[in-house]
Amino acid sequence: PTLASQRRATGWAARAHRQVAQILCARSFCVMTDAARVGPGTALASHVARTLASELKVAEKQVYATAELLKDECSVPFIVRYRAANTGSLDETAVLRISKALQQQAQLQARCATIVKELTKQGVCTPALLSALHAARDLESLEDLYLPFKPPAKQCLAAKARELGFGPLAERVWSQQMRDAELDAALAAAHDAEEHVLNVLADKISASSNARASLREAFWRDARVELRLVKPEKKPKVASAPADAKGGANADGKEPKPAGKLHDYSSLDGLSSRPSEMSAHRVLAINRAEKEKAVKVVLTPPPQSLHIIFTEALPPRSGRRKALLEKAAESALKRLLLPSMRRAVRSRLTAQAEEAAISVFSRNLRQLLLQRPLRGTAIAGIDPGFRSGCKLVALDAAGRVRDSCVLFPHPPHGDREAARRRLRELLVAFGCTVVAIGNGTASRETQQFVCETLNGVSELSHVRLSVVSESGASVLSVSAASDNADDAHLDVGARGAASIARRLLDPLAELVKIEPKAIGVGMYQHDVSAKLLESELARVVQSCVCEVGVDINTASVALLKHVAGLNAARAAAIAAARPAHGFASRAELKKVKGIGAKSFEQAAGFLRVCGDAASEPLDSTAVHPESYKLAAAVLKHAKLSPADLCSDARRARLVSALTHARSDGGLASLSAAVGAPVETTREVLDALCAASRDARDTLDGPLLLGSQMCQLSDVSIGSRLRGVVRNVTPFGAFVDVGLKQDGLLHSSELERLPGEARPPEPHAVLRVGQTVTVSVVRVDIAKGQLSLSMRQGATPRCGTSAAQASAARGHAHSMAQPPTEAARQVKPTSQPTKRAGRDEPDAVRRTMAKRLP
């Protein structure tokens, strides 16, 4: 054949090859686009299923079954509660892990589809490249494969060198097509030819996917993160207006603005650590300090970085070509790879730290929402204040406001006697047995005032006190009219006081009205991704609401919208369609506009119809309507009926009769008798036995008592105190022991478990709202810090000595009157107050400085 015919045949083969590759890529693009479009319903890849099964220690078929339910748009609470037979009784943590894996895979497939589309347009998507893209396990690997074909930036050195025509020369150097003499002649033929060739080679080296993957792991494992404090710039002094000698105000009559709070990051100075060893709270502290330009972060590369490039990115080399390629490798490392690796490490550190911080927040929020309610109690709520007075409301046992007023017991008003009379009258008139005091401004002074008011009044000797967190109450009070029609006639202050009281009456029903981010139980919550935090907290609220259940005839729209299968619009439709006498059955929900078959299926089991209005006794239980026939068969097998759920005496007999059936042997025989899976039968039995019991009743209730301790100077080292855990973090917990400041219970001061050399993780032994007994190991009155311990025989720390603390108590102001007899009979308490920046580095640094190596 002639040379022309050979070229024509080669051209036809090349065109055919490109056409086949484009067809394959187009088909793959369509498939991946369809998979990515369904989001969480994306088909689970086999290697992902194997990894999840190994991680969760379950069978692969359980993972696939759960993925199918998620693909069918089933909510996580519904799957955990009512589809245990399908999933093999997977818990919420396992289902969430599978759901997260599906979402990550959907993101990976969506990005892969976009890359394939772009490569197809360029005509470079070969079958081998397509297979490599499909085999990518994460976004970083996917981007590494796409990097050599990514359109270059117009201003990069490699792009300029290619524009000048040095691209082909660099390709010949790379592919070993030139001898040393020929290479030297080519480099000498043009000005700066070597520099341009090096730029092209460096760009090619930096695009090596193998080298980038190895470098990322080396940086994560062996690089060093080093910090240095940045000295603040000295700003020129600005002459201020003369101050008045008496009041300190400026000549124009305005008070001088106080300087803003400056965070102390001195504990970060000189820090040097491997990225893989850095804790989440420390990473977030570094990010905040860097954002405030208080520290300079330097990431020192590992010593083997250049060796990795030589072995992973460079082809075989010798002679003049070897020197040129290794010089290009050094340039690629310095100019291109080091900045990229630094960004990758910082991004990975931040992502893991945010995930840990969000996990801490969600865990604490869950514990806060599931606190035990104070049912059947008339409560008086007080929103304390100095100048604007203390807003007082009286609530009945159902949470309705019966009366409200404003008291002025504190300066500058000081009408203390009139305030005492009004408080006593309201407590007696409405039979309030608990006084809930907000923990904001004037909280401690108001607590002292209430103690003085109750002192010596026999008809009020049963009244107890509780200081309640008022986080988000001010925001809620502005919008309370839209959520609660009964509060529409109240002013803003009274609504806030009512919210404080309802947080004792039913914490879950009241706290769901507040934006979760406004509840201060997190760690660096303002420094993490707002979108991720909002999504996770919404999931936690939904999980808590579904775990407890909702009375459809009394629940607010704010509570209903968090039920699985419902949203704000459907909750509003249910409230609008609610008859005056209430819904008589769950089935009536199907008539509400917007409640379709899928919504009813997801929500029905978590909604209750309680009281005399219920026409079906099973509607007051957690039994799903689809299992009513099975529940009737179970009751019939135990010689009972659904009517036994309506009487307390018969309900006790029902629980006693079903106790044996819940055992392993009895459950198997009962499941065979009623013809249902064991998991479904267990689910029905659990719901029947807990028909009138709240899951929160097993937890400790709030401490209702008065405190004899008002100042930090009242504490001495070695004192044993009872307190309430207000926040739990990876490095310890903050405990309220009745002072204005929370004490830090560091993780090293937790009681060690038998046989364990190291203390346990704080979240393993502590929970928000838990009552604990602690000892004081360090008091620093000047800095307002208190260190606590749960260890037996804890050693006092450096700080204010016991003698100094005792001397300070001699100068402290004593209470105007002794505590009431009721306060003496109860145990010491913990009462919160509003504390800004609990997660700040300067708030933690001083307490942790002597404990960290």
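Residues numbered from 1 in each chain as written. Predicted model: local features only at pLDDT ≥ 70, side-chain atom pairs only at ≥ 80, totals over all residues. Heavy atoms only, no water.

S.K.: Which residues make up unusual backbone geometry, and what values do they have?
M.R.: Cis geometry marks the peptide bond from Pro 411 to Pro 412, where omega comes out at 10°. Within the element layout of this structure, Pro 412 appears in the loop between strand 6 (401-407) and helix 17 (416-430). One non-glycine residue, Lys 293, lies in the positive phi region at around 60°. Structurally, Lys 293 is set in the loop between helix 14 (280-291) and strand 3 (295-300). (Helix = DSSP H or I, 4+ residues; strand = E, 2+ residues; numbered from the N terminus.)

S.K.: Quick one: what's the story with the packing of aromatic side chains, residue by residue and with numbers?
M.R.: What the rule picks out here adds up to three aromatic pairs. When the centroid spacing of 6.4 Å and the interplanar angle of 90° are considered together, the rings of Phe 731 and Phe 734 count as edge-to-face. On the accessibility criterion, Phe 731 (5% relative accessible area) is buried. Looking at Phe 734, the relative accessible area reads 7%, which means it is buried. Taken together, the ring pairs connect Phe 78, Tyr 82 and Phe 606 into an aromatic cluster. Above the ring of Trp 220, the side-chain terminus of Arg 348 is found at 4.0 Å from the ring centroid. (Phe/Tyr/Trp six-rings, centres within 6.5 Å; stacked < 30°, edge-to-face > 60°. Buried < 20%, exposed > 50% of the residue type's maximum accessible area, 1.4 Å probe, protein only. Lys NZ or Arg CZ within 6 Å of the ring centre and 35° of its normal.)

S.K.: Hey, could you go over the sheet that holds strand 11 (residues 720-729) for me, with residue numbers and the actual values?
M.R.: On the basis of which strands lie adjacent, the closed barrel formed by five strands has the order 11-12-13-15-14 and mixed pairing. With strand direction ignored, the average angle separating the axes of adjacent strands in the sheet is 50°. (Pairing = 2+ DSSP bridges. Axes fitted to C-alpha atoms, helices over the stretch in contact; angles between N-to-C directions.)

S.K.: Quick rundown of the packing of helix 11 (residues 180-188) against helix 16 (residues 319-369)? Include the residues and the values.
M.R.: At a minimum axis distance of 7 Å, the contact between helix 11 and helix 16 shows a crossing angle of 50°. Put simply, helix 11 runs oblique to helix 16. Across the interface between the two elements, Asp 180, Leu 183, Asp 184 and Leu 187 from helix 11 touch Gly 319, Arg 320, Arg 321 and Leu 324 from helix 16. Considering only residue class, the contact of helix 11 with helix 16 consists of three nonpolar, one polar and four charged. (Parallel < 35°, antiparallel > 145°, perpendicular 65-115°, else oblique. Contact = heavy atoms within 4.5 Å. Nonpolar A, V, L, I, M, F, W, Y, C, P; charged D, E, K, R; others polar.)

S.K.: Please set out the state of the cysteines residue by residue, giving values where relevant.
M.R.: Summed over all chains, the structure comprises zero disulfides. Distance from the sulfur of Cys 112, which forms no disulfide, to the nearest cysteine sulfur (Cys 125) is 8.6 Å. Overall, the relative accessible area of 4% leaves Cys 112 in the buried class. (Disulfide = S-S within 2.5 Å.)

S.K.: Help me get a handle on the environment of Ala 394, residues and values and all.
M.R.: Relative to the assigned elements, Ala 394 resides in strand 5 (residues 390-395). For Ala 394 and Ala 378, which are 16 residues apart along the polypeptide, the C-alpha to C-alpha distance reads 7.5 Å. Contact partners of Ala 394, with chain neighbours within four places excluded, come to Ile 379, Ala 380, Arg 400, Val 401, Arg 402, Asp 403, Leu 426, Phe 430 and Cys 432.

S.K.: Kindly report on the pairing of strand 7 (residues 434-438), identifying the contributing residues and their values.
M.R.: With five of its five residues buried, strand 7 lies for the most part within the structure. The side-chain alternation of strand 7 yields two buried faces, one formed by Val 434, Ala 436 and Gly 438 and the other by Val 435 and Ile 437. Relative to strand 7, strand 4 (residues 379-383) runs parallel, the two being bridged by four bridges. Paired with Ile 382 across the two strands is Ile 437, which belongs to strand 7.

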